[in-house]
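# Examination of the molecular architecture
Listed here are the chains, written in short residue letters.
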Amino acid sequence: MAKNINIHLGAMIAVICFLGSVSHAQDKHAGYYYPTPQTTEVYKGRTPVFPEATELSRLAFVTALTKQSTTSPYPPEFVIFSKGDQNQKAIITAVGSERFNTLYRLRALLAMLTSLSRTTPIFKQLQDSKDLTFLDMLYMMGFTQITISDGDQTAHQIIFE
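Note that the structure is a prediction, hence the values are computed from the model and not measured. (Residues numbered from 1 in each chain as written. Predicted model: local features only at pLDDT ≥ 70, side-chain atom pairs only at ≥ 80, totals over all residues. Heavy atoms only, no water.)

Looking now at the side chain of D150. Considering the arrangement of structural elements, one finds D150 in the loop between β4 (145-149) and β5 (155-160). A polar side-chain atom of D150 sits 2.9 Å from the main-chain amide nitrogen of Q153. In terms of polar contacts, D150 uses its side chain to reach the backbone amide nitrogen of T154, at 2.8 Å. When residues no more than four places from it in sequence are discounted, the contact partners of D150 are A94, G96, R99, F100 and N101. (Helix = DSSP H or I, 4+ residues; strand = E, 2+ residues; numbered from the N terminus. Polar contact = N/O pair within 3.5 Å; in protein donor to acceptor, adjacent residues only side chain to side chain. Contact = heavy atoms within 4.5 Å.)

Shown next, in the form of structure tokens:
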């Protein structure tokens, strides 16, 4: 009886390991733009996806953020870009060392981007925009995930539901 339990337990562990490796293997950007994410979470968007959300609108969004970050007299701390068949995967990567190298620092970056998002005309037009976040903005624009990385060893991935 104990032997059968050990065999079943071993088989379950093998399946779990296999499924975990399959999900990481499907992320073709891991290992190129960022390390394999150590942490992941699912975020349920609190607004509808805009009907106007397209590949071009997502490209325009990341281009506008990039342009804004390069107009400062200081070098940017991070870059944001999109990848995927429809540019539906947002990626934020630090460009300096010792930045965004913990989950807490990555979340602090998202909090800062939330503050900036609330100043945009889109957020100002929405009811209850004070409760929305940068993640909600990405969700509205049709992004399906965001990966944030220190560009070295730390990466956190958020899948939108």
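So that's the structure; there's more coming.
Grouped together as the largest cluster of nonpolar side chains are 27 residues, with contacts concentrated most on I92, F134, I146 and F160. Elements represented by at least two residues in this core include exactly α2 (55-70), β2 (78-83), β3 (89-94), α3 (103-117), α5 (134-140), β4 and β5. Ranked by residues supplied to this core, first place goes to α5 with six residues. Counting five residues, the second-largest nonpolar core is a separate cluster that includes A30, Y34, F81 and I91. (Core = buried A, V, L, I, M, F, W, Y, C linked by side-chain atoms within 4.5 Å. Buried < 20%, exposed > 50% of the residue type's maximum accessible area, 1.4 Å probe, protein only.)

Attention shifts here to the environment of T114. Residue position: T114 is located in helix α3. With near-sequence residues (within four places) excluded, T114 lies in contact with L132, T133 and F134.

These results come straight from atomic positions and should not be treated as a statement about function.
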